[in-house]
Amino acid sequence: MPAWRGSADGIEIAVRVTPRASRDMLAAGTADHFAARLAAPPVEGAANTALVALVAKQFNVARRAVTLLAGETSRLKRLAIVGDVATLEQIARSLYGEAHDG
């Protein structure tokens, strides 16, 4: 899967998480995933909760619009973001420094 792809009601993104970072940050990673740095530790779902909040903030959607689809206990995670596909894809592209359409 590429770092993001459109879906029927939004987009899905792949993220590689680094917990216990100095601050929360979501940025371009590889062609296969975004890179997320989270201050939260990977215990009792704290990092997953922090990731959902970070992704919601970066994509300008409510937390309830972000769902963890896969990777609950893994560093590699897949999330669904519900919203306008074109807007969400534009935000994803901007995180990768791609200002124009594919």
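Definitions and cut-offs
Residues numbered from 1 in each chain as written. Predicted model: local features only at pLDDT ≥ 70, side-chain atom pairs only at ≥ 80, totals over all residues. Heavy atoms only, no water. Helix = DSSP H or I, 4+ residues; strand = E, 2+ residues; numbered from the N terminus. Buried < 20%, exposed > 50% of the residue type's maximum accessible area, 1.4 Å probe, protein only. Lys, Arg positive; Asp, Glu negative; His and termini not counted. Salt bridge = Lys/Arg side-chain N within 4 Å of Asp/Glu carboxyl O. Polar contact = N/O pair within 3.5 Å; in protein donor to acceptor, adjacent residues only side chain to side chain. Contact = heavy atoms within 4.5 Å. 1 Å grid on protein atoms, 1.4 Å probe; cavity = no way out; pocket = protein on both sides within 12 Å on 5 of 7 lines; lining within 4 Å. Points joined across faces, edges and corners; volume = space filled by probe spheres on them. Nonpolar A, V, L, I, M, F, W, Y, C, P; charged D, E, K, R; others polar.

So, unusual backbone geometry
Backbone geometry follows two general trends: most residues other than glycine have a negative phi, and most peptide bonds adopt the trans configuration.
So, step 1. A positive phi angle is found at Arg20, which is not glycine, with a value near 60°.
So, step 2. Tracing the chain through its elements places Arg20 in the loop between strand E2 (10-18) and strand E3 (25-30).
So, step 3. With phi around 55°, Asn60 is a residue other than glycine that occupies positive phi space.
So, step 4. With respect to the element layout, Asn60 can be found in the loop between helix H1 (46-58) and strand E5 (66-70).
So, step 5. On the basis of relative accessible area, Asn60 is assigned to the exposed category, the value being 69%.

Side note on the environment of Ser94
So, step 1. Tracing the chain through its elements places Ser94 in helix H2 (residues 85-95).
So, step 2. Each C-alpha atom of the pair Ser94 and Arg16 lies 18 Å from the other, and the pair is 78 residues apart in sequence.

Details of the side chain of Lys77
So, step 1. Tracing the backbone through its elements, the reader meets Lys77 in strand E6 (residues 76-82).
So, step 2. Look at Lys77: it is buried, it has no salt bridge, and the nearest opposite charge is Glu72 at 8.0 Å.
So, step 3. A polar atom in the side chain of Lys77 sits 2.7 Å from the backbone oxygen of Ser74.
So, step 4. The contacts of Lys77, once residues within four sequence positions are left out, are Ile13, Ala14, Val15, Val17, Asn48, Leu51, Leu68, Ala70, Gly71 and Glu72.

Observations concerning the layout of surface pockets
So, step 1. Space inside the largest pocket adds up to approximately 230 Å³.
So, step 2. Lining the largest pocket are 13 residues, and of these Pro42, Asn48, Glu72, Thr73 and Lys77 sit closest to its centre.
So, step 3. Taken together, the residues that form the lining of the largest pocket break down as six nonpolar, four polar and three charged.

Function cannot be read off these values alone, since they describe shape.
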